[in-house]
Structures are given as C-alpha cells and as structure tokens.
Amino acid sequence: QVQLVESGGGLAQPGGSLRLSCVASGIVVSSYTMGWYRQGPGNQRELVADITSSGSTAYAGSVKGRFTISRDNAKNTVYLQMNSLKPEDTAVYYCAADTSTRALLAGTGDYWGQGTQVAVSS
C-alpha cells in the first residue's frame, strides 16, 4: 500500500513562491531516492529535483538556485520549495520514489503520486 500524495500547488504570481509537499506511506522516504517531476502544457515530462537516501540533491538547470528539495524524515514527507517562480514553471508536478537513483532519474521510478497543479501567471 505505497502511496505518494502531493499537495501545495496553486496559483502564484511571477516572482512568488510555493511549497509542494509529498507525503509518503508504505515506504520510508529516507531509504529512497525521491524526486519531483513536472509536465507543462505541450512539454515533455522533466525531472526537476531529486534527493537520494544519503541526502545528496540535484536540480534541473532551469530551476537551480530557485527551487530546493528537502525531506522531513519524522513526517515521512518530501518538499519542493519553489521561489522566484516564472510562467515557465507552470506544470503538473509529480512526486516519485525508487530505491534506485538510476531508475528515478530515468523516469521509471517504482512509485508516483497523482500530481499537483502549479500555475504561474500575472
């Protein structure tokens, strides 16, 4: 009964901020590589950020310096703090998990959330 549930999406203005949450059940997030993917209108799905079980993080160049991925092990939750939002950040954001970092980065993670919509518009 593994479940990843995203929340925190919504409408933000350019330059604004949102924090997405991914609450996991059935897995322990500290034992997995966790990632955030997004898919915007007319765009392919892309990996935005990931965090490994060791705590290493990585970001897509388009969000580096603006987004931060983190986890709260006590809450079994992964976050994506999004600052300095741009219209290009508009997308459905998905949380994903896999014990294999390679699989997660390849988009074939074992577990996926339902997605949360982020819209950035003036």
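Cut-offs applied
- Starting from 1, residues in each chain are numbered consecutively following that chain's sequence as written.
- The model is predicted, so local features are restricted to residues of pLDDT at least 70 and side-chain atom pairs to those at 80 or more, both for listing and for counting; the totals for chains, interfaces and linings are taken over all residues.
- The side-chain figures draw on all heavy atoms in the structure; neither hydrogens nor water molecules are used.
- Counting from the N terminus, the helices are the DSSP runs of H or I reaching at least four residues and the strands are the DSSP runs of E reaching at least two.
- Whenever two N or O atoms come within 3.5 Å, that pair is a polar contact, provided that in protein one can donate a hydrogen and the other can accept it, and provided that, for residues adjacent in sequence, both atoms are side-chain atoms.
- Contacts are residue-level and defined by heavy atoms, with any inter-residue pair within 4.5 Å sufficient.
- The definition of a nonpolar core used throughout is a set of buried Ala, Val, Leu, Ile, Met, Phe, Trp, Tyr and Cys residues joined through side-chain atoms within 4.5 Å.
- The cut-offs for exposure are 20% and 50% of the maximum accessible area for each residue type, with area from a 1.4 Å probe on protein chains only; residues under the lower value are buried, those over the upper are exposed, and the others partly exposed.
- Each pair of aromatic rings taken from Phe, Tyr and Trp, with Trp reduced to its six-membered ring, is defined by centres within 6.5 Å and is described as stacked if the planes are under 30 degrees apart, edge-to-face if over 60, and tilted in the remaining cases.
- Whether a charge sits over a ring comes down to the Lys NZ or Arg CZ being within 6 Å of the ring centre and within 35 degrees of the ring normal.
- Salt bridge, as applied in this entry: a Lys or Arg side-chain nitrogen positioned within 4 Å of an Asp or Glu carboxyl oxygen.

**Let's talk about the side chain of Asn 76**
Right, on to step 1. Relative to the helices and strands, Asn 76 resides in the loop between β7 (67-72) and β8 (77-82).
Right, on to step 2. For Asn 76, the side chain forms a polar contact with the main-chain oxygen of Ile 27, separated by 2.8 Å.
Right, on to step 3. With residues near it in sequence (within four places) discarded, Asn 76 still touches Cys 22, Val 23, Ala 24, Ser 25, Ile 27, Val 28 and Val 29.

**Some points on the nonpolar core**
Right, on to step 1. By size, the foremost hydrophobic cluster in this structure holds 28 residues, and its most contacted members are Met 34, Trp 36, Leu 80, Met 82 and Tyr 93.
Right, on to step 2. For this core, the secondary structure elements donating two or more residues are β3 (18-25), β4 (33-39), β5 (46-51), β7, β8, β9 (91-98) and β11 (116-120).
Right, on to step 3. Beyond its immediate stretch of four places on either side in the chain, Leu 80 contacts Leu 18, Arg 19, Leu 20, Trp 36, Val 48, Ala 49, Phe 67, Thr 68, Ile 69 and Tyr 93.

**A word on the packing of aromatic side chains**
Right, on to step 1. Applying the stated criterion to the full structure yields 2 aromatic pairs.
Right, on to step 2. An angle of 50 degrees between the planes, with centres 5.1 Å apart, marks the rings of Tyr 37 and Trp 112 as tilted. Taken as a pair, Tyr 37 in strand β4 and Trp 112 in strand β10 (residues 111-112) lie far apart in primary sequence, 75 residues in all.
Right, on to step 3. The class for Trp 112 is partly exposed, based on a relative accessible area of 28%.
Right, on to step 4. The side chain of Arg 45 reaches across the aromatic face of Tyr 37, ending 5.2 Å from its centre.

**Quick word on the pattern of salt bridges**
Any two side chains of opposite charge can pair if their charged atoms end up close together.
Right, on to step 1. Scanning the model with the defined rule gives 3 salt bridges in all.
Right, on to step 2. Between Asp 89 and Arg 38 there is a salt bridge; the shortest N-O distance is 2.9 Å. One end of the pair, Asp 89, is in the loop between β8 and β9; the other, Arg 38, is in strand β4, and 51 residues separate them in sequence. The residues Asp 89 and Arg 38 share a single accessibility class, namely buried.
Right, on to step 3. Measuring nitrogen to oxygen at the nearest pair gives 2.7 Å for the salt bridge that ties Asp 89 to Arg 66. You can see Asp 89 sitting in the loop between β8 and β9 and its partner Arg 66 sitting in the loop between β6 (57-59) and β7, a full 23 residues away along the chain.
Right, on to step 4. Of the residues examined, Asp 89 reaches a relative accessible area of 1% and is grouped as buried.
Right, on to step 5. In this structure, a network of salt bridges that share partners links the residues Arg 38, Glu 46, Arg 66 and Asp 89.

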